[in-house]
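Close look at the chain arrangement
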Amino acid sequence: TDSQVAAERTTSRPDISGKGTVLVVDDEEVLRRACARLLSKMGYTILTASGGREAVELVREHREHLAFVILDLTMPEMSGAATFEAIREVAPETKVLLSSGFSAEGEASQLLARGCKGFIQKPYSLDDLLQAVRTTLEAPLPSA
């Protein structure tokens, strides 16, 4: 054809390549695995938990190496809010990125006010995840 080839568009993604360990907490296995795989490609060591109790134990065991935690708000047995409070008791210096299929209003906004360092709404794209991780990493450390 005589038509011109469209110039390739490049998107500028934030550089979140990192060191350290990220704990991904979500009761939905597909989301947990996908998020873990993406962050692993960025250079993080990944831990996963399907619920709050398991997450708190992993935080207790790995707190010195945790860069941050991605925490689902709505989980059976132990809610995201209860898990966040338990994490704060065990490791108050740990940054938490809240994840939910609901908006940042309501319970999520209360957790943000109490010290969660970021929020990402499901479903999210790779770019959304990268931006939320950057915001979380740049946030000041929680006060103990």
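Residues numbered from 1 in each chain as written. Predicted model: local features only at pLDDT ≥ 70, side-chain atom pairs only at ≥ 80, totals over all residues. Heavy atoms only, no water.

**Observations concerning the packing of helix α1 (residues 29-41) against helix α5 (residues 126-138)**
- Look at α1 against α5: their axes get within 11 Å of each other, and the N-to-C directions meet at 65°. When the axis of α1 is compared with that of α5, the two are roughly perpendicular. The chirality of how α1 crosses α5 is right-handed. Between α1 and α5, the residues in contact are Cys35, Leu38 and Leu39 and Leu126, Leu129 and Val133, respectively.
- The residue inventory of the contact of α1 with α5, partitioned by class, reads 6 nonpolar, no polar and no charged. (Axes fitted to C-alpha atoms, helices over the stretch in contact; angles between N-to-C directions. Helix = DSSP H or I, 4+ residues; strand = E, 2+ residues; numbered from the N terminus. Parallel < 35°, antiparallel > 145°, perpendicular 65-115°, else oblique. Left-handed = near helix turned anticlockwise from the far one by under 90°. Contact = heavy atoms within 4.5 Å. Nonpolar A, V, L, I, M, F, W, Y, C, P; charged D, E, K, R; others polar.)

**Looking at unusual backbone geometry**
- With an omega of -10°, the peptide bond between Lys122 and Pro123 qualifies as cis.
- Inspection of the secondary structure puts Pro123 in the loop between β5 (118-121) and α5.
- Positive phi outside glycine occurs at Glu77, with the angle close to 70°.
- Take Glu77: it is sitting in the loop between β3 (66-72) and α3 (80-90).

**Regarding the pairing of strand β1 (residues 21-25)**
- Extensive coverage of β1 is indicated by the burial of 5 of its 5 residues.
- Side chains Thr21, Leu23 and Val25 of β1 all project onto a buried face; the interleaved residues Val22 and Val24 project onto the opposite face, where all are buried too.
- As judged from the 5 bridges shared by β1 and strand β2 (residues 45-49), these two strands associate in the parallel manner. Residue Leu23 lies in a different strand from β2, and its bridge partner there is Leu47.
- For the handedness criterion, the β-α-β arrangement of β1, α1 and β2 is classed as right-handed.
- Where β1 lies against β3, 5 bridges are found, and the strand directions are parallel. Bridge pairing links Thr21 to Leu66 in β3. (Buried < 20%, exposed > 50% of the residue type's maximum accessible area, 1.4 Å probe, protein only. Pairing = 2+ DSSP bridges. Right-handed = clockwise from strand over helix to strand, strands pointing away.)

**With respect to the pairing of β5**
- Side chains Gly118 and Ile120 of β5 all project onto a buried face; the interleaved residues Phe119 and Gln121 project onto a face where none is buried.
- For the handedness criterion, the β-α-β arrangement of strand β4 (residues 96-100), helix α4 (residues 107-113) and β5 is classed as right-handed.

**Side note on α3**
- The buried count for α3 comes to 8 of 11 residues, which makes it a mostly enclosed element.
- If you follow the buried residues of α3, they end up packed against α2 (52-62), β3, β4 and α4.

**Regarding the sheet that holds β3**
- Taking strand neighbours across the sheet as the criterion, the 5 strands line up as β2-β1-β3-β4-β5 in an open arrangement whose pairing is parallel. If you trace the sheet from one side to the other, it starts and ends with β2 and β5, each paired once. Strand-to-strand twist of the sheet, defined as the mean angle between neighbouring strand axes without regard to direction, takes the value 20°.
- Summarising the sheet, β3 and β4 pair through 4 bridges and their orientation is parallel. What sits directly across from Asp72, in β4, is Ser99.
- The strands touched by α1 within the sheet are β1, β2 and β3, with β2 carrying the most contacts at an inclination of about 170°.

**Considering α2**
- Buried residues of α2: Gly52, Ala55, Val56, Leu58 and Val59, and no others. Seen along its axis, α2 keeps its buried residues to an arc of 160°; they face one direction. Those residues of α2 that are exposed and aimed more than 90 degrees away from the buried face are Arg53 and Glu61.
- If you follow the buried residues of α2, they end up packed against β1, β2, β3 and α3. (Arc of directions from axis to C-beta.)

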